[in-house]
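# Secondary and tertiary structure notes
So the chains spell out like this:
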Amino acid sequence: MYEGNQALEPDRSTIETMGRAITARIADYVDSLPGAPASRFGEAEHAVARMLQPPPEEAGRFELLLDAFQDAAAHGLDSSGPGYYGYFPAGGLISSAFADAFAQVYNRFTAVAQLAPALVAMEQGLLRWLADLFGLPASAGGLVTTGGSMATLAAIVAARHDRLGEDLTGGTLYVTEHTHFCVAKAARIAGLPASAVVTVPTRRLRMDPGAAARMIDDDRARGRRPFLLIGTAGTTSTGTVDPLLDLGELAAQEGLWFHADAAYGGGLQLTARGRRRLTGIERADSIVLDPHKSLFLQYGTGVVLVRDAARLHAAHADDGHYLQDLETVAALPDFGHLGPELTREFRGLRLWLPLHLHGVAAFRDALDEKLDLAEVIHRELAEDPRFDVPWEPDLSVVVFRTYGSDETNRRLLERINATQRLFLSSTSIEGRFFLRLNPTSHRTHLAEVQNALAVIRQCTRARPGRSAP
Ligand SMILES: *Cc1c(COP(=O)(O)O)cnc(C)c1O
C-alpha cells in the first residue's frame, strides 16, 4: 500500500523552524511599517502572473514560498500600515493574528455546542458581552460571522421570517441613499425584489424620520407590507449616525423590525462619546458590527446581535439526518442554526485573546484616541481657507474637498496618494466628489496624522484668486 508523503505532518523541529521563520518575518514586517509606502500600484503584472500558476507536483521550499507571499502582498494598498486612511483601516492586531494561528491548529468544530462546548461558550460569552454593551436584553444572542455583509444577511433573513412569514409579497424595507449596499444585496439574496427596498430622503445626511413615517403610511395604504427599517450607526461614506432613537420609536409604533447597521460605528460604543452618539441603538431588533473595522482586528470578523435570539434561530434552524447523534447543550446555542453557515472556522479566539490580553480599557483608549484624531483632522482642515469641510464628524470619518471642480479634487486625491506617504479614498456625496480620511488604524497616532495633514496641504494648490503662500 502506498504510504503517502509523511511530510504532511512535519516533525517537532520542523514545526519550530517554520514558526521561527514566520515570527521573524512578522517582527520585521511590523518594524518596516512606519516607513513603508502606503500604496504601490502598477508593475504588478509579474507577481500577478506568478500567482495565477497552478501548484507543482514536487515539494517547494518554505522560505521561498514565504518570499513569494510577501512579494505578492507588496502590491496594491498597505491596509495594515499607519498611513492607511482609506475606506476602513484596521491594522490587524498581532495578538489576534497569533490567536488565529493557534486556534486553526486545534481546528475545532463549533457549529454545534456539544462538540466543543467551552469554545462555543467562548464565542457566546463575547456575544453576551457585546449584547450588554449595546443594552440588549437577556434574550439576545447572535453569531460571529466573516463580516458585516454576512451578519446583515442573517439579520435580514431573521426580520423577513419574523415579520413576513412565508409570503414575501409586498414586503418593504426602508433605507437611505447612504445605507450600505450590503442591505439591498441581503434583501435580494433573501428573495425580495429590488422594488422592496425604498429609499427615504435624508436631512444633513441622516434619515428623516418624518419622511419615513409618511412613506410607511403611504406604502401600507397601497397594500404593501412595510416590515423593516434600517438605521445606520456610522455610514460608510461620512460616518454619520442616523437618528436611532427616533427611528427605533417609529419602528416600534409601526410594528417594523428595526435593524441598526453599526458595522463601522459599533466598536465606538466602547467609548463615552461613541455611546452618546449611538443613543437609541438599544432599541434595535438586530445590530451588526464589524470587529475588523472598529476593533482593529484582521479582516474576516463580523458580528450580528439579535434582540430575541429565538427569532434568529427560527429563521435559520434546520436539520440533517447525519446530525441525528447530536444533542443540544443547555444555555449554549448551536451556531450552525443561527446563520447561513454550518461548518465555520472558529473565530472566538481572535476576539477573546486580544480582549483578555490587552484588556477592554486598551481598546477604549485606542478608540478615544481615534475620535480625538478625527477632531484634529476636522479642525485643521476646516481652519484652512482652501478647504470645504461641510460636516463635523459624528465618529472618525472626515470628508473634505477644495473649492475647485470635482476634477480638481480628483487630481488632488491622485497627487496625495502618489506621494505614497498616505492613502485616502474618496466618496460622492449629494453628487459631489469628496476626499475621505478615516484615521482608525491602531498604528495611526497624532504624529502620523500631523504628517498626513502636512502632505495634504503640500499637495493642495492655492485657492484660485489668491497668491500662493
Ligand atoms: C463595511 C460596512 C458594511 C459591510 O461590511 P463587510 O464587513 O465589508 O461585509 C456594512 N455596513 C456598513 C455601514 C459598513 O461600513
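It should be emphasised that the depicted structure is a prediction, and the values quoted were computed from it without experimental measurement.

Cut-offs used in this document
- Residues numbered from 1 in each chain as written.
- Predicted model: local features only at pLDDT ≥ 70, side-chain atom pairs only at ≥ 80, totals over all residues.
- Heavy atoms only, no water.
- Axes fitted to C-alpha atoms, helices over the stretch in contact; angles between N-to-C directions.
- Helix = DSSP H or I, 4+ residues; strand = E, 2+ residues; numbered from the N terminus.
- Parallel < 35°, antiparallel > 145°, perpendicular 65-115°, else oblique.
- Contact = heavy atoms within 4.5 Å.
- Domains from an automatic or database assignment.
- Buried area = accessible area lost by both parts, 1.4 Å probe.
- Salt bridge = Lys/Arg side-chain N within 4 Å of Asp/Glu carboxyl O.
- Polar contact = N/O pair within 3.5 Å; in protein donor to acceptor, adjacent residues only side chain to side chain.
- Nonpolar A, V, L, I, M, F, W, Y, C, P; charged D, E, K, R; others polar.
- UniProt positions renumbered as here; feature names shortened; annotations may be inferred.
- Buried < 20%, exposed > 50% of the residue type's maximum accessible area, 1.4 Å probe, protein only.

Turning to the packing of helix H6 (residues 148–164) against helix H12 (residues 309–316), a few remarks are in order. Direction vectors running N to C along H6 and H12 enclose 90°, while the axes themselves pass 8 Å from each other. Here H6 lies roughly perpendicular to H12, going by the angle between them. For the pair H6 and H12, the contacting residues are Ala154, Val157, Ala158, His161, Asp162 and Arg163 in the first and Arg311, Leu312, Ala314, Ala315 and His316 in the second.

With that settled, the discussion passes to the domain arrangement of the chain. For the chain, the assigned domains are domain 1 (32–50 + 63–94 + 359–468) and domain 2 (109–342). A separation of 30 Å is found between the C-alpha centroids of domain 1 and domain 2. Both sides of the domain 1 and domain 2 interface together cover about 2,700 Å² of buried area, and 60% of this is carbon and sulfur. Here domain 1 is connected to domain 2 by 4 salt bridges. For the pair domain 1 and domain 2, the number of links is 15 residue pairs in polar contact (both at pLDDT 80 or more). Elements with a minimum of two residues in the side of domain 1 that touches domain 2: helix H14 (360–383) and strand E14 (425–429). Per element, the largest residue contribution to the side of domain 1 that touches domain 2 is 10 residues, and it comes from H14. Of the residues in the side of domain 1 that touches domain 2, the class split is 17 nonpolar, 9 polar and 8 charged.

A few words on the UniProt feature "modified residue: N6-(pyridoxal phosphate)lysine" (unreviewed entry) in the chain. Mapped onto the present numbering, the UniProt feature "modified residue: N6-(pyridoxal phosphate)lysine" (unreviewed entry) falls on Lys293. Locating Lys293 in the fold gives a position in helix H11 (residues 291–294). Look at Lys293 and you get buried, because its relative accessible area is 13%. Non-local contacts of Lys293, meaning those with residues more than four positions away in its chain, are made with Phe88, Pro89, Ala90, Ala263 and Tyr264.

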